[in-house]
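Here's the letter readout for the chains.
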Amino acid sequence: MDTKLLFQDPASFATPLLAVFAVDIAVGDGEPPSPALLSTSDPLAKAATPWFDSGEFKAALGETLLLHSPSNAKAERLLVIGLGKAKSLSVHEIRKGAGVAVRFAKPRGIYELAIAFPEDRALSDEHMEALPCHHTSRAIAEGTLIADFDIDIYRSDRKDHAIKLASMLVKENDTKSQTEIQAGFDEGVIFGHAQNFARSLVNEPGNVLTPSELGRRTAAMCAEQGLQCEVHSIDKILELKMGALAAVTQGSSEPPALIVMRYEPPTAPPEGSPVLALVGKGITFDTGGISIKPAENMDKMKYDMAGAAAMIGAMQAIAQLKPNVRVMSIVCSCENMPDGKAFKPGDVITAMSGKTIEILNTDAEGRLVLADGLHYAKTLGATHLINAATLTGAISVALGLLNAGLFSNDDETTRHFLDVYPATGEKFWRMPCTDDYREQIRSQIADIMNTGGSRYGGAISAAMFLKEFAGETPWIHLDIAGTAWIDDNKPWQSKGPSGIGVRSIAEWVRSYAV
Ligand code: BES
Ligand code: ZN
Ligand code: ZN
(Lines give C-alpha, C1' and ligand atoms only; values in the text may rest on other atoms or scores of the structure.)
(Ligands and ions follow the chains in the order given, each with its own letter.)
Protein backbone atom coordinates (compact mmCIF):
# COMPACT_ATOMS: atom_id res chain seq x y z
CA MET A 1 0.00 0.00 0.00
CA ASP A 2 1.20 3.49 -0.83
CA THR A 3 0.31 6.16 1.69
CA LYS A 4 0.10 9.88 1.03
CA LEU A 5 -0.54 12.90 3.21
CA LEU A 6 -2.09 15.95 1.55
CA PHE A 7 -3.05 19.30 3.02
CA GLN A 8 -6.22 19.83 1.07
CA ASP A 9 -9.99 20.16 1.61
CA PRO A 10 -11.35 16.60 1.41
CA ALA A 11 -14.37 17.88 -0.55
CA SER A 12 -12.10 18.93 -3.41
CA PHE A 13 -10.24 15.60 -3.66
CA ALA A 14 -11.20 13.16 -6.40
CA THR A 15 -11.22 9.59 -5.06
CA PRO A 16 -13.36 6.47 -5.40
CA LEU A 17 -14.02 6.54 -1.64
CA LEU A 18 -13.70 9.33 0.89
CA ALA A 19 -13.99 8.30 4.55
CA VAL A 20 -15.00 10.85 7.15
CA PHE A 21 -15.45 10.31 10.89
CA ALA A 22 -18.47 11.06 13.08
CA VAL A 23 -18.98 10.91 16.84
CA ASP A 24 -21.99 10.72 19.10
CA ILE A 25 -22.22 13.93 21.14
CA ALA A 26 -25.18 12.82 23.25
CA VAL A 27 -24.35 12.79 26.97
CA GLY A 28 -26.04 10.74 29.66
CA ASP A 29 -27.28 7.18 29.43
CA GLY A 30 -30.87 7.83 28.48
CA GLU A 31 -30.11 10.37 25.73
CA PRO A 32 -30.80 9.29 22.13
CA PRO A 33 -27.67 9.27 19.95
CA SER A 34 -26.73 12.58 18.41
CA PRO A 35 -24.18 12.08 15.60
CA ALA A 36 -21.85 14.91 14.58
CA LEU A 37 -19.39 14.95 11.71
CA LEU A 38 -15.71 15.63 12.47
CA SER A 39 -15.32 17.80 9.40
CA THR A 40 -15.76 21.48 8.63
CA SER A 41 -16.20 20.80 4.88
CA ASP A 42 -19.72 22.00 4.04
CA PRO A 43 -20.45 19.52 1.23
CA LEU A 44 -19.61 16.59 3.49
CA ALA A 45 -21.77 17.88 6.34
CA LYS A 46 -24.64 18.57 3.93
CA ALA A 47 -24.48 15.05 2.53
CA ALA A 48 -24.41 13.36 5.92
CA THR A 49 -26.73 15.46 8.10
CA PRO A 50 -30.08 14.17 6.76
CA TRP A 51 -29.06 10.64 7.71
CA PHE A 52 -27.99 11.79 11.14
CA ASP A 53 -31.30 13.59 11.65
CA SER A 54 -33.33 10.59 10.52
CA GLY A 55 -31.74 8.45 13.25
CA GLU A 56 -30.50 5.88 10.72
CA PHE A 57 -26.90 6.45 11.68
CA LYS A 58 -25.88 6.60 15.33
CA ALA A 59 -22.09 7.01 15.07
CA ALA A 60 -21.42 3.89 17.15
CA LEU A 61 -17.82 2.69 16.93
CA GLY A 62 -17.34 0.89 13.61
CA GLU A 63 -20.79 1.80 12.23
CA THR A 64 -20.74 2.87 8.57
CA LEU A 65 -22.98 4.91 6.29
CA LEU A 66 -22.27 4.86 2.55
CA LEU A 67 -23.47 7.74 0.36
CA HIS A 68 -22.92 7.82 -3.39
CA SER A 69 -22.01 10.94 -5.39
CA PRO A 70 -22.17 13.52 -2.60
CA SER A 71 -23.07 16.94 -4.08
CA ASN A 72 -20.27 19.49 -4.38
CA ALA A 73 -17.65 16.95 -3.35
CA LYS A 74 -15.33 15.29 -5.85
CA ALA A 75 -15.40 11.83 -4.24
CA GLU A 76 -17.46 9.12 -5.94
CA ARG A 77 -18.56 7.79 -2.55
CA LEU A 78 -18.66 9.22 0.93
CA LEU A 79 -18.25 6.74 3.76
CA VAL A 80 -19.19 8.07 7.19
CA ILE A 81 -17.55 6.04 9.98
CA GLY A 82 -18.75 6.15 13.58
CA LEU A 83 -16.19 6.48 16.36
CA GLY A 84 -18.56 6.21 19.33
CA LYS A 85 -19.07 8.73 22.12
CA ALA A 86 -17.35 12.10 21.64
CA LYS A 87 -16.47 12.37 25.33
CA SER A 88 -14.45 9.17 25.34
CA LEU A 89 -12.85 9.62 21.92
CA SER A 90 -9.15 8.74 21.84
CA VAL A 91 -6.61 7.91 19.17
CA HIS A 92 -7.48 4.24 19.63
CA GLU A 93 -10.95 4.75 18.15
CA ILE A 94 -9.40 6.78 15.34
CA ARG A 95 -6.93 3.97 14.58
CA LYS A 96 -9.84 1.56 14.41
CA GLY A 97 -11.95 3.98 12.36
CA ALA A 98 -9.22 4.28 9.74
CA GLY A 99 -9.09 0.50 9.67
CA VAL A 100 -12.84 0.30 9.10
CA ALA A 101 -12.44 2.46 5.97
CA VAL A 102 -9.89 0.06 4.52
CA ARG A 103 -11.78 -3.10 5.39
CA PHE A 104 -14.96 -1.61 3.98
CA ALA A 105 -13.22 -0.82 0.68
CA LYS A 106 -11.30 -4.05 0.07
CA PRO A 107 -14.10 -6.60 -0.37
CA ARG A 108 -15.93 -4.12 -2.61
CA GLY A 109 -13.02 -3.97 -5.05
CA ILE A 110 -12.17 -0.38 -4.15
CA TYR A 111 -8.40 -0.15 -4.02
CA GLU A 112 -7.92 3.58 -3.63
CA LEU A 113 -9.33 5.64 -0.83
CA ALA A 114 -8.89 8.82 1.15
CA ILE A 115 -9.47 9.54 4.82
CA ALA A 116 -10.41 12.99 6.07
CA PHE A 117 -8.31 13.97 9.11
CA PRO A 118 -10.78 14.40 12.00
CA GLU A 119 -11.28 18.07 12.82
CA ASP A 120 -12.10 18.51 16.49
CA ARG A 121 -12.88 22.19 15.80
CA ALA A 122 -16.00 20.97 13.97
CA LEU A 123 -17.47 20.56 17.48
CA SER A 124 -17.53 22.94 20.41
CA ASP A 125 -15.17 22.34 23.34
CA GLU A 126 -17.87 21.08 25.63
CA HIS A 127 -18.32 17.99 23.44
CA MET A 128 -14.77 16.87 23.00
CA GLU A 129 -11.23 17.27 24.31
CA ALA A 130 -8.81 18.47 21.63
CA LEU A 131 -6.98 15.58 19.97
CA PRO A 132 -3.18 15.80 19.77
CA CYS A 133 -2.66 16.09 16.01
CA HIS A 134 0.66 14.19 15.95
CA HIS A 135 -0.97 11.15 17.59
CA THR A 136 -4.09 11.41 15.47
CA SER A 137 -2.23 11.31 12.17
CA ARG A 138 -0.02 8.51 13.43
CA ALA A 139 -3.09 6.50 14.42
CA ILE A 140 -4.66 6.98 10.99
CA ALA A 141 -1.52 5.79 9.20
CA GLU A 142 -1.20 2.78 11.54
CA GLY A 143 -4.87 1.86 11.39
CA THR A 144 -4.90 2.05 7.60
CA LEU A 145 -1.88 -0.20 7.17
CA ILE A 146 -2.86 -2.68 9.90
CA ALA A 147 -6.29 -3.09 8.26
CA ASP A 148 -4.78 -3.82 4.87
CA PHE A 149 -3.29 -7.12 6.07
CA ASP A 150 -5.12 -10.31 5.10
CA ILE A 151 -4.29 -13.96 5.80
CA ASP A 152 -5.44 -15.47 2.49
CA ILE A 153 -2.16 -15.17 0.57
CA TYR A 154 -2.22 -18.84 -0.51
CA ARG A 155 -5.78 -18.77 -1.91
CA SER A 156 -5.94 -19.00 -5.71
CA ASP A 157 -9.27 -17.16 -5.68
CA ARG A 158 -7.97 -14.49 -3.37
CA LYS A 159 -10.41 -11.59 -3.42
CA ASP A 160 -8.99 -9.21 -0.89
CA HIS A 161 -6.16 -7.69 -2.84
CA ALA A 162 -4.16 -5.00 -1.15
CA ILE A 163 -5.18 -1.36 -1.25
CA LYS A 164 -2.99 0.51 -3.75
CA LEU A 165 -3.21 4.01 -2.36
CA ALA A 166 -4.54 5.49 0.87
CA SER A 167 -4.40 9.27 1.21
CA MET A 168 -4.96 11.28 4.35
CA LEU A 169 -6.46 14.71 3.72
CA VAL A 170 -6.00 17.56 6.15
CA LYS A 171 -8.02 20.72 5.68
CA GLU A 172 -6.27 24.02 6.60
CA ASN A 173 -3.85 24.09 9.46
CA ASP A 174 -1.06 26.29 10.70
CA THR A 175 2.48 25.31 9.74
CA LYS A 176 3.34 24.06 13.22
CA SER A 177 0.44 21.62 13.19
CA GLN A 178 1.28 20.62 9.62
CA THR A 179 4.80 19.68 10.69
CA GLU A 180 3.43 17.67 13.63
CA ILE A 181 0.84 15.97 11.48
CA GLN A 182 3.50 15.03 8.92
CA ALA A 183 5.84 13.67 11.61
CA GLY A 184 3.05 11.59 13.19
CA PHE A 185 2.00 10.28 9.82
CA ASP A 186 5.54 9.23 8.91
CA GLU A 187 5.91 7.39 12.22
CA GLY A 188 2.57 5.67 11.74
CA VAL A 189 3.67 4.44 8.32
CA ILE A 190 6.88 3.02 9.83
CA PHE A 191 4.98 1.27 12.66
CA GLY A 192 2.22 -0.01 10.39
CA HIS A 193 4.66 -1.59 7.93
CA ALA A 194 6.76 -3.06 10.75
CA GLN A 195 3.71 -4.63 12.39
CA ASN A 196 2.52 -6.07 9.08
CA PHE A 197 5.97 -7.50 8.38
CA ALA A 198 5.81 -9.31 11.73
CA ARG A 199 2.29 -10.53 10.94
CA SER A 200 3.33 -11.79 7.51
CA LEU A 201 6.02 -13.92 9.16
CA VAL A 202 3.59 -15.32 11.73
CA ASN A 203 1.02 -16.08 9.04
CA GLU A 204 3.39 -18.35 7.10
CA PRO A 205 2.83 -22.07 7.55
CA GLY A 206 5.50 -24.12 9.30
CA ASN A 207 6.56 -25.86 6.09
CA VAL A 208 7.35 -22.52 4.45
CA LEU A 209 8.71 -20.57 7.40
CA THR A 210 11.31 -22.98 8.72
CA PRO A 211 13.99 -21.60 11.05
CA SER A 212 16.33 -21.22 8.03
CA GLU A 213 13.66 -19.30 6.11
CA LEU A 214 13.05 -17.06 9.13
CA GLY A 215 16.79 -16.42 9.11
CA ARG A 216 16.77 -15.56 5.40
CA ARG A 217 13.81 -13.20 5.67
CA THR A 218 15.27 -11.49 8.72
CA ALA A 219 18.65 -11.10 7.01
CA ALA A 220 16.94 -9.63 3.92
CA MET A 221 15.03 -7.11 6.06
CA CYS A 222 18.23 -6.18 7.91
CA ALA A 223 20.15 -5.68 4.65
CA GLU A 224 17.38 -3.41 3.39
CA GLN A 225 17.22 -1.38 6.62
CA GLY A 226 20.95 -1.13 7.28
CA LEU A 227 20.98 -3.38 10.37
CA GLN A 228 23.78 -5.84 11.06
CA CYS A 229 22.60 -9.43 11.01
CA GLU A 230 24.18 -12.82 11.52
CA VAL A 231 22.33 -16.12 11.19
CA HIS A 232 24.13 -18.90 13.00
CA SER A 233 23.69 -22.63 12.50
CA ILE A 234 23.90 -25.59 14.88
CA ASP A 235 27.71 -25.47 14.90
CA LYS A 236 27.71 -22.07 16.58
CA ILE A 237 24.90 -23.14 18.96
CA LEU A 238 27.02 -26.08 20.08
CA GLU A 239 30.19 -23.98 20.21
CA LEU A 240 28.38 -21.52 22.52
CA LYS A 241 27.24 -24.50 24.63
CA MET A 242 23.60 -23.55 24.23
CA GLY A 243 22.47 -26.89 25.60
CA ALA A 244 18.84 -25.83 26.06
CA LEU A 245 18.30 -24.62 22.48
CA ALA A 246 20.26 -27.63 21.22
CA ALA A 247 17.98 -30.01 23.19
CA VAL A 248 14.80 -28.55 21.72
CA THR A 249 16.05 -28.67 18.13
CA GLN A 250 17.54 -32.17 18.29
CA GLY A 251 14.29 -33.95 17.36
CA SER A 252 13.83 -31.94 14.18
CA SER A 253 15.33 -32.53 10.75
CA GLU A 254 15.13 -28.78 10.04
CA PRO A 255 18.31 -26.95 11.03
CA PRO A 256 17.87 -24.36 13.80
CA ALA A 257 18.76 -20.69 13.39
CA LEU A 258 20.28 -18.38 15.98
CA ILE A 259 19.66 -14.92 14.61
CA VAL A 260 21.56 -11.92 15.94
CA MET A 261 20.59 -8.41 14.78
CA ARG A 262 22.28 -5.19 15.80
CA TYR A 263 21.25 -1.56 15.56
CA GLU A 264 23.92 1.13 16.04
CA PRO A 265 22.62 4.69 16.35
CA PRO A 266 23.99 7.29 13.87
CA THR A 267 25.91 9.08 16.63
CA ALA A 268 27.56 6.95 19.29
CA PRO A 269 25.76 7.26 22.65
CA PRO A 270 27.97 8.13 25.64
CA GLU A 271 30.05 5.42 27.29
CA GLY A 272 27.98 3.46 29.80
CA SER A 273 24.67 4.09 28.01
CA PRO A 274 22.16 1.24 28.01
CA VAL A 275 22.47 -1.64 25.57
CA LEU A 276 19.03 -3.10 25.04
CA ALA A 277 18.46 -6.70 24.00
CA LEU A 278 15.26 -7.92 22.36
CA VAL A 279 15.00 -11.71 22.69
CA GLY A 280 12.39 -13.68 20.77
CA LYS A 281 10.99 -17.22 20.94
CA GLY A 282 11.09 -18.46 17.36
CA ILE A 283 9.58 -21.96 17.45
CA THR A 284 8.41 -22.25 13.85
CA PHE A 285 6.26 -25.23 14.79
CA ASP A 286 5.51 -26.64 18.23
CA THR A 287 4.17 -30.20 18.22
CA GLY A 288 4.99 -30.46 21.91
CA GLY A 289 7.76 -32.94 21.08
CA ILE A 290 7.62 -36.30 22.90
CA SER A 291 5.08 -34.71 25.30
CA ILE A 292 3.01 -34.32 22.15
CA LYS A 293 0.08 -31.93 21.95
CA PRO A 294 -3.48 -33.09 21.12
CA ALA A 295 -4.30 -32.96 17.37
CA GLU A 296 -7.08 -30.41 17.83
CA ASN A 297 -5.78 -26.91 17.06
CA MET A 298 -2.22 -28.12 16.66
CA ASP A 299 -2.15 -26.34 13.27
CA LYS A 300 -2.12 -23.07 15.18
CA MET A 301 1.28 -23.85 16.60
CA LYS A 302 2.83 -22.28 13.50
CA TYR A 303 2.38 -19.04 15.43
CA ASP A 304 4.79 -20.14 18.13
CA MET A 305 7.36 -17.80 16.59
CA ALA A 306 5.24 -14.68 17.15
CA GLY A 307 7.62 -13.47 19.87
CA ALA A 308 10.50 -13.65 17.39
CA ALA A 309 8.39 -11.88 14.77
CA ALA A 310 7.56 -9.10 17.25
CA MET A 311 11.27 -8.50 17.80
CA ILE A 312 12.10 -8.63 14.08
CA GLY A 313 9.28 -6.16 13.36
CA ALA A 314 10.40 -3.91 16.20
CA MET A 315 13.97 -3.95 14.82
CA GLN A 316 12.65 -2.86 11.41
CA ALA A 317 10.84 0.07 13.05
CA ILE A 318 13.90 0.94 15.15
CA ALA A 319 16.13 0.97 12.05
CA GLN A 320 13.83 3.58 10.50
CA LEU A 321 13.11 5.66 13.61
CA LYS A 322 16.82 5.81 14.48
CA PRO A 323 16.63 6.34 18.27
CA ASN A 324 19.92 7.20 19.95
CA VAL A 325 20.35 3.95 21.85
CA ARG A 326 22.16 0.68 21.13
CA VAL A 327 19.93 -2.29 20.46
CA MET A 328 20.54 -5.94 19.69
CA SER A 329 18.05 -8.68 19.06
CA ILE A 330 18.53 -12.41 19.57
CA VAL A 331 16.07 -14.80 17.98
CA CYS A 332 16.28 -18.48 18.96
CA SER A 333 14.54 -20.41 16.24
CA CYS A 334 13.91 -24.12 15.79
CA GLU A 335 11.12 -26.66 15.56
CA ASN A 336 9.86 -28.77 18.47
CA MET A 337 9.35 -32.26 17.04
CA PRO A 338 9.02 -35.83 18.34
CA ASP A 339 11.61 -38.16 16.83
CA GLY A 340 14.00 -40.95 17.75
CA LYS A 341 16.57 -38.27 18.47
CA ALA A 342 14.22 -35.92 20.32
CA PHE A 343 14.87 -34.85 23.91
CA LYS A 344 12.69 -36.63 26.44
CA PRO A 345 10.97 -36.08 29.76
CA GLY A 346 13.47 -36.99 32.46
CA ASP A 347 16.48 -35.75 30.48
CA VAL A 348 18.82 -33.37 32.24
CA ILE A 349 20.39 -30.73 30.05
CA THR A 350 22.89 -27.95 30.69
CA ALA A 351 22.04 -24.44 29.51
CA MET A 352 24.63 -21.96 28.22
CA SER A 353 24.71 -20.31 31.65
CA GLY A 354 25.85 -23.61 33.19
CA LYS A 355 22.55 -24.22 35.00
CA THR A 356 21.25 -27.79 34.76
CA ILE A 357 17.61 -28.32 33.82
CA GLU A 358 15.47 -31.37 34.45
CA ILE A 359 13.00 -31.80 31.60
CA LEU A 360 9.56 -32.79 32.83
CA ASN A 361 7.61 -31.84 29.75
CA THR A 362 9.10 -31.32 26.28
CA ASP A 363 6.18 -29.03 25.42
CA ALA A 364 7.62 -26.42 27.76
CA GLU A 365 10.29 -25.72 25.11
CA GLY A 366 9.93 -21.96 24.74
CA ARG A 367 11.49 -21.20 28.12
CA LEU A 368 14.42 -23.46 27.17
CA VAL A 369 15.33 -21.65 23.96
CA LEU A 370 14.82 -18.28 25.68
CA ALA A 371 17.05 -19.31 28.59
CA ASP A 372 19.98 -19.53 26.19
CA GLY A 373 18.89 -16.44 24.25
CA LEU A 374 18.73 -14.30 27.42
CA HIS A 375 22.07 -15.57 28.68
CA TYR A 376 23.72 -15.05 25.29
CA ALA A 377 22.43 -11.45 25.16
CA LYS A 378 24.12 -10.78 28.50
CA THR A 379 27.43 -12.16 27.25
CA LEU A 380 27.14 -9.78 24.28
CA GLY A 381 26.87 -6.82 26.67
CA ALA A 382 23.12 -6.31 27.13
CA THR A 383 22.27 -4.10 30.10
CA HIS A 384 18.47 -4.44 29.77
CA LEU A 385 16.57 -7.45 28.47
CA ILE A 386 13.10 -7.77 27.03
CA ASN A 387 11.69 -10.97 25.64
CA ALA A 388 8.43 -11.82 23.93
CA ALA A 389 7.06 -15.31 23.62
CA THR A 390 3.93 -17.34 23.01
CA LEU A 391 5.01 -19.07 26.17
CA THR A 392 2.02 -20.56 27.99
CA GLY A 393 -1.60 -21.49 27.49
CA ALA A 394 -1.92 -20.56 31.15
CA ILE A 395 -1.56 -16.84 30.41
CA SER A 396 -4.91 -16.98 28.59
CA VAL A 397 -6.50 -18.72 31.55
CA ALA A 398 -5.21 -15.92 33.78
CA LEU A 399 -5.87 -12.89 31.58
CA GLY A 400 -8.23 -13.96 28.81
CA LEU A 401 -7.41 -13.04 25.23
CA LEU A 402 -7.26 -9.26 25.64
CA ASN A 403 -4.20 -8.55 27.75
CA ALA A 404 -0.75 -10.01 27.30
CA GLY A 405 1.14 -10.81 30.50
CA LEU A 406 4.07 -8.68 31.60
CA PHE A 407 6.57 -10.08 34.10
CA SER A 408 9.69 -8.35 35.33
CA ASN A 409 12.46 -8.40 37.90
CA ASP A 410 12.84 -4.61 37.86
CA ASP A 411 10.35 -1.81 38.56
CA GLU A 412 12.31 0.92 36.79
CA THR A 413 12.54 -1.05 33.53
CA THR A 414 8.86 -1.88 33.84
CA ARG A 415 8.04 1.79 34.42
CA HIS A 416 9.69 2.65 31.09
CA PHE A 417 7.39 0.13 29.43
CA LEU A 418 4.24 1.09 31.33
CA ASP A 419 4.81 4.78 30.53
CA VAL A 420 4.94 4.31 26.77
CA TYR A 421 2.92 1.28 25.75
CA PRO A 422 -0.61 2.70 26.33
CA ALA A 423 -0.19 5.09 23.37
CA THR A 424 -0.05 2.07 21.05
CA GLY A 425 -3.46 0.67 22.03
CA GLU A 426 -1.86 -2.69 22.87
CA LYS A 427 -2.77 -4.16 26.24
CA PHE A 428 -0.43 -5.61 28.86
CA TRP A 429 -1.05 -6.56 32.46
CA ARG A 430 1.69 -6.90 35.02
CA MET A 431 1.79 -10.30 36.70
CA PRO A 432 3.65 -11.34 39.85
CA CYS A 433 7.16 -12.66 39.50
CA THR A 434 8.46 -12.60 43.06
CA ASP A 435 10.93 -15.07 44.50
CA ASP A 436 8.34 -16.82 46.66
CA TYR A 437 7.14 -18.48 43.43
CA ARG A 438 10.54 -20.02 42.80
CA GLU A 439 9.47 -23.09 44.75
CA GLN A 440 7.37 -24.04 41.70
CA ILE A 441 10.42 -24.80 39.56
CA ARG A 442 12.68 -26.39 42.19
CA SER A 443 13.99 -29.76 41.06
CA GLN A 444 15.24 -32.69 43.16
CA ILE A 445 17.52 -33.80 40.35
CA ALA A 446 18.94 -30.64 38.78
CA ASP A 447 19.23 -26.90 39.45
CA ILE A 448 15.77 -26.22 38.09
CA MET A 449 12.97 -28.01 36.23
CA ASN A 450 11.20 -26.85 33.09
CA THR A 451 7.61 -27.10 34.32
CA GLY A 452 5.92 -26.06 37.52
CA GLY A 453 5.56 -28.50 40.36
CA SER A 454 2.01 -27.21 40.75
CA ARG A 455 -0.62 -26.97 38.03
CA TYR A 456 -1.60 -23.52 39.29
CA GLY A 457 -0.04 -20.32 37.99
CA GLY A 458 1.59 -21.90 34.94
CA ALA A 459 2.42 -18.57 33.31
CA ILE A 460 4.19 -17.48 36.50
CA SER A 461 6.21 -20.71 36.71
CA ALA A 462 7.37 -20.10 33.14
CA ALA A 463 8.32 -16.52 33.99
CA MET A 464 10.19 -17.68 37.10
CA PHE A 465 12.16 -20.05 34.90
CA LEU A 466 13.22 -17.20 32.60
CA LYS A 467 14.01 -14.99 35.58
CA GLU A 468 16.74 -17.49 36.59
CA PHE A 469 18.52 -16.70 33.34
CA ALA A 470 17.96 -12.94 33.39
CA GLY A 471 19.68 -13.00 36.80
CA GLU A 472 20.51 -9.52 38.04
CA THR A 473 20.03 -7.87 34.64
CA PRO A 474 16.83 -5.79 34.43
CA TRP A 475 14.39 -7.82 32.38
CA ILE A 476 10.83 -7.83 31.06
CA HIS A 477 9.04 -10.92 29.79
CA LEU A 478 5.93 -10.54 27.64
CA ASP A 479 3.78 -13.68 27.41
CA ILE A 480 1.79 -13.13 24.21
CA ALA A 481 0.35 -16.66 23.81
CA GLY A 482 -3.23 -15.40 24.22
CA THR A 483 -2.91 -12.26 22.12
CA ALA A 484 -0.63 -13.05 19.17
CA TRP A 485 -3.40 -14.73 17.19
CA ILE A 486 -6.92 -13.32 16.85
CA ASP A 487 -9.62 -15.90 16.14
CA ASP A 488 -12.29 -13.59 14.72
CA ASN A 489 -12.37 -10.85 12.11
CA LYS A 490 -12.92 -7.35 13.44
CA PRO A 491 -14.30 -4.44 11.39
CA TRP A 492 -10.80 -2.87 11.51
CA GLN A 493 -8.55 -5.92 11.47
CA SER A 494 -8.41 -9.35 9.92
CA LYS A 495 -8.36 -12.44 12.08
CA GLY A 496 -4.99 -14.16 12.31
CA PRO A 497 -1.67 -12.79 13.51
CA SER A 498 -2.09 -9.60 15.55
CA GLY A 499 1.48 -8.35 15.44
CA ILE A 500 1.26 -7.57 19.15
CA GLY A 501 4.41 -6.24 20.72
CA VAL A 502 6.01 -4.62 17.68
CA ARG A 503 4.93 -1.08 18.49
CA SER A 504 5.15 -1.31 22.30
CA ILE A 505 8.62 -2.84 22.21
CA ALA A 506 9.87 -0.23 19.73
CA GLU A 507 8.42 2.48 21.99
CA TRP A 508 10.13 0.95 25.02
CA VAL A 509 13.40 1.11 23.10
CA ARG A 510 12.77 4.76 22.19
CA SER A 511 12.19 5.58 25.86
CA TYR A 512 15.90 4.87 26.46
CA ALA A 513 17.15 7.17 23.69
CA VAL A 514 19.55 9.86 24.91
N1 BES B 1 3.66 -22.80 22.55
C2 BES B 1 3.09 -23.26 23.74
C3 BES B 1 2.19 -22.22 24.42
C4 BES B 1 0.95 -21.83 23.68
C5 BES B 1 -0.26 -22.41 23.98
C6 BES B 1 0.99 -20.81 22.76
C7 BES B 1 -1.39 -22.02 23.31
C8 BES B 1 -0.14 -20.43 22.11
C9 BES B 1 -1.34 -21.02 22.40
C10 BES B 1 4.16 -23.66 24.74
O11 BES B 1 5.32 -24.13 24.19
C12 BES B 1 3.56 -24.77 25.56
O13 BES B 1 3.23 -25.75 25.01
N14 BES B 1 3.42 -24.54 26.86
C15 BES B 1 2.84 -25.50 27.71
C16 BES B 1 3.61 -25.51 28.99
C17 BES B 1 3.27 -26.65 29.89
C18 BES B 1 3.72 -27.96 29.27
C19 BES B 1 3.94 -26.44 31.22
C20 BES B 1 1.39 -25.09 27.97
O21 BES B 1 1.11 -23.90 28.06
O22 BES B 1 0.54 -25.97 28.02
ZN1 ZN C 1 5.28 -26.19 23.71
ZN1 ZN D 1 5.78 -23.36 22.28
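As shown above, the structure is provided for reference.
Caption draft 1: Spotlight on the coordination of the zinc ion (ligand 2). Coordination of the zinc ion (ligand 2) by the protein is provided by D286 (OD), D363 (O), D363 (OD) and E365 (OE), with metal-donor distances spanning 2.0 to 2.2 Å. Note that the zinc ion (ligand 2) binds 6 donor atoms; their angles at the metal cover 71 to 168 degrees, and the shape is irregular. Coordination of the zinc ion (ligand 2) draws on donor residues from a single chain, spaced D-x76-D-x1-E in sequence. Separating the zinc ion (ligand 2) and the zinc ion (ligand 3) is a distance of 3.2 Å, and D286 donates to both of them. Of this pair, D286 sits in strand β10 (residues 275–286) while D363 sits in the loop between β13 (356–358) and α9 (366–379), placing them 77 residues apart in sequence.

Caption draft 2: Structural detail: the pairing of strand β5 (residues 77–85). When you tally the buried positions in β5, you get 7 out of 9 residues, the bulk of the element. Here strand β4 (residues 64–68) runs beside β5; their pairing, made up of 5 bridges, is antiparallel. What sits directly across from T64, in β5, is I81.

Caption draft 3: Quick peek at the site of ligand 1. Inspection of the region around ligand 1 gives 16 residues, with K293, D304, D363, E365 and G393 positioned closest. One of the side-chain N or O atoms of K281 is found 3.2 Å from an oxygen atom in ligand 1. The separation between an oxygen atom of ligand 1 and a polar main-chain atom of G393 is 2.7 Å. In the complex, the protein chains occlude 76% of the 510 Å² of accessible area that ligand 1 would expose alone.

Caption draft 4: Spotlight on the coordination of the zinc ion (ligand 3). Protein coordination at the zinc ion (ligand 3): the donors are K281 (NZ), D286 (OD), D304 (OD) and E365 (OE), at 1.9 to 2.4 Å from the metal. Because the angles between the 6 donor atoms bound to the zinc ion (ligand 3) fall within 77 to 173 degrees, the donor set is best described as octahedral. Positions of the donor residues of the zinc ion (ligand 3) along the chain correspond to the pattern K-x4-D-x17-D-x60-E. You can call D304 buried: its relative accessible area is 2%.

Caption draft 5: Spotlight on the pattern of salt bridges. Under the definition given, this model contains 34 salt bridges. In this structure, the salt-bridge partner of R217 is E213, at a minimum N-O distance of 2.8 Å. Of this pair, R217 and E213 both sit in helix α5 (residues 211–225), 4 residues apart, which is roughly one turn of the helix. The buried category is assigned to E213, whose relative accessible area is 16%. Put simply, E439 and R442 hold a salt bridge, and the shortest N to O gap is 3.0 Å. For R442, a relative accessible area of 44% translates into the label partly exposed.

What counts, and at which threshold
Residues numbered from 1 in each chain as written. Chains lettered and ligands numbered in written order. Predicted model: local features only at pLDDT ≥ 70, side-chain atom pairs only at ≥ 80, totals over all residues. Heavy atoms only, no water. Donors = N, O, S within 2.8 Å, 3.2 Å for Na, K, Ca; no water. Tetrahedral: all angles 85-135°; square planar, octahedral: opposite > 155°, others 65-115°. Helix = DSSP H or I, 4+ residues; strand = E, 2+ residues; numbered from the N terminus. Buried < 20%, exposed > 50% of the residue type's maximum accessible area, 1.4 Å probe, protein only. Pairing = 2+ DSSP bridges. Near = heavy atom within 4 Å. Polar contact = N/O pair within 3.5 Å; in protein donor to acceptor, adjacent residues only side chain to side chain. Areas by Shrake-Rupley, 256 points an atom, 1.4 Å probe, with all protein chains shown as cover. Salt bridge = Lys/Arg side-chain N within 4 Å of Asp/Glu carboxyl O.

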